[in-house]
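Listed here are the chains, written in short residue letters.
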Amino acid sequence: MTEPSKAEYLWGTINALRESQRYIEHGNPGISDVKDRVFSVEPGVFPSHEFQDTKFFTENILSQKGKSFCEIGCGAGITAITIALEGAERVVATDNCLIAVNNTRKNARKYGVKEKVDIRRGYELTPIKQDERFDTIYWNVPFGYVEFRPEGIEASVFSYKYENIKRFFDEARDHLNSNGSLMFGFSPEIGRKDLIDKYLINNDLVILNRAAKIFSKGTMNPAGPVTLELYETKKRG
């Protein structure tokens with residue numbers, strides 16, 4: 001049996017994203033269950049209740065207890081809020097989408113961490129102050145490599161020639177504490193690991209840990225099985 005091509009995976013994901021928004025917009029609430037906690041997901045925010053990556057990555061991030069943690073592209077705030085609830089000393093969550101920022105605030109209020117999770121609006125690392133440093137910076141990067149500029153919800157999954165991902169690796173290492181970790185989510189079916197590896201090398205980052213799981217073909221990955229990978233990297237030396 002022939003394996004699906006990258007193009008089939010890409011268009012299958014795009015169609016699944018669009019279908020998820022139609023479902024929410026017709027009055028069906030988006031509810032995401034992660035680590036026995038229920039989070040609301042608003043229309044216009046990455047549908048973490050339909051895709052497996054937010055849940056998988058959140059469940060596999062190593063303990064951040066007592067650490068400072070920054071999440072880029074927080075969406076509904078599921079990862080940042082979970083990390084705060086599990087004992088992180090300081091949590092910053094950023095997203096350029098106002099709906100996502102408000103969605104994160106709503107979920108943070110629900111779980112009593114609205115004062116602990118510092119939610120900021122802006123692209124990638126732009127809301128981070130020049131002198132701010134963290135023990136961990138994490139982004140479920142928009143790993144779908146495309147040569148068109150995605151708009152709206154599709155920008156949460158796809159990146160034009162990896163421009164913003166390259167910028168993330170180039171800038172994030174300067175916001176890490178001396179022994180800090182840079183973590184990112186990825187999927188090889190629609191991603192370009194060769195480019196990711198290049199960015200790591202250029203920024204003198206080495207991979208320390210990798211968690212991975214294959215998810216079978218389904219509604220949200222109609223083209224075929226999807227592999228999700230969570231990487232932890234650190235500055236060499």
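Provided above is the structure to which this section pertains.
Thresholds, definitions, all that
Residues numbered from 1 in each chain as written. Predicted model: local features only at pLDDT ≥ 70, side-chain atom pairs only at ≥ 80, totals over all residues. Heavy atoms only, no water. Pairing = 2+ DSSP bridges. Helix = DSSP H or I, 4+ residues; strand = E, 2+ residues; numbered from the N terminus. Axes fitted to C-alpha atoms, helices over the stretch in contact; angles between N-to-C directions. Contact = heavy atoms within 4.5 Å. Salt bridge = Lys/Arg side-chain N within 4 Å of Asp/Glu carboxyl O. Buried < 20%, exposed > 50% of the residue type's maximum accessible area, 1.4 Å probe, protein only. Parallel < 35°, antiparallel > 145°, perpendicular 65-115°, else oblique. Left-handed = near helix turned anticlockwise from the far one by under 90°. Nonpolar A, V, L, I, M, F, W, Y, C, P; charged D, E, K, R; others polar. Phe/Tyr/Trp six-rings, centres within 6.5 Å; stacked < 30°, edge-to-face > 60°.

**Student:** How do you make sense of the sheet that holds strand S6 (residues 134–139) when you look at a structure like this?
**Tutor:** Spatial strand order, S5-S4-S3-S6-S9-S11-S10: seven strands in an open sheet with mixed pairing. The sheet terminates laterally at strand S5 (117–121) and strand S10 (205–215), the two strands that pair on one side only. Going from strand to strand, the sheet's axes swing by 15 degrees on average, the running direction of each strand aside. With six bridges joining them, strand S9 (residues 176–186) and strand S11 (residues 226–235) adopt antiparallel strand pairing. Each residue of the ladder has a partner; that of Leu182, found in S11, is Thr233. Along the sheet, helix H6 (residues 193–202) makes contact with S9, S10 and S11, crossing S9 at roughly 175 degrees.

**Student:** I'm lost on the pattern of salt bridges in this one. Help?
**Tutor:** Any two side chains of opposite charge can pair, on the condition that their charged atoms come close. The full count for this structure, using the stated rule, is 15 salt bridges. Here Arg90 makes a salt bridge to Glu132, at a shortest N to O gap of 3.3 Å. Of this pair, Arg90 sits in strand S4 (residues 90–95) while Glu132 sits in the loop between S5 and S6; the two residues are 42 residues apart in sequence, bridging distant segments of the chain. By relative accessible area, which is 32% here, Arg90 ends up partly exposed. Overall, the relative accessible area of 9% leaves Glu132 in the buried class. For Asp197, the salt bridge goes to Lys193, with nearest N and O atoms at 2.5 Å. On the criterion of helical spacing, the pair formed by Asp197 and Lys193 is a turn pair, its members being four residues apart in helix H6. Among the charged side chains, a salt-bridge network with shared partners connects Arg90, Asp118, Arg120 and Glu132.

**Student:** Help me understand the packing of helix H5 (residues 163–172) against H6, please; the structure alone is not making it clear to me.
**Tutor:** In a packed pair of helices, the relevant descriptors are the angle between the two axes and the axis-to-axis distance. Close contact between H5 and H6 brings their axes to 9 Å; oriented N to C, the two are set at 25 degrees. Comparing their axes, H6 and H5 come out roughly parallel. Judged by the twist between their axes, the crossing of H5 over H6 is right-handed. Contact with H5, carried on its side by Ile165, Lys166 and Phe169, involves Ile196, Tyr199 and Leu200 of H6 and no other residues of that element. In the contact of H5 with H6, the residues fall into five nonpolar, no polar and one charged.

**Student:** Looking at this structure, I do not really get the packing of aromatic side chains. What am I missing?
**Tutor:** The geometry of two aromatic rings is summed up by the distance between their centres and the angle between their planes. As enumerated under the stated definition, the model contains 13 aromatic pairs in all. Between Trp11 and Phe148 the ring centres are 6.4 Å apart and the planes differ by 20 degrees, which places this aromatic pair in the stacked class. Here Trp11 is found in helix H1 (residues 6–25), whereas its partner Phe148 is found in the loop between strand S7 (144–146) and strand S8 (158–160), with 137 residues between them in sequence. Residue Phe148 is classed as partly exposed on the basis of its relative accessible area, which comes to 33%. Here Phe168 and Phe169 contribute two aromatic rings whose centre-to-centre distance is 5.3 Å and whose plane-to-plane angle is 65 degrees, an arrangement assigned as edge-to-face. For the pair shown, Phe168 and Phe169 are each scored as buried.

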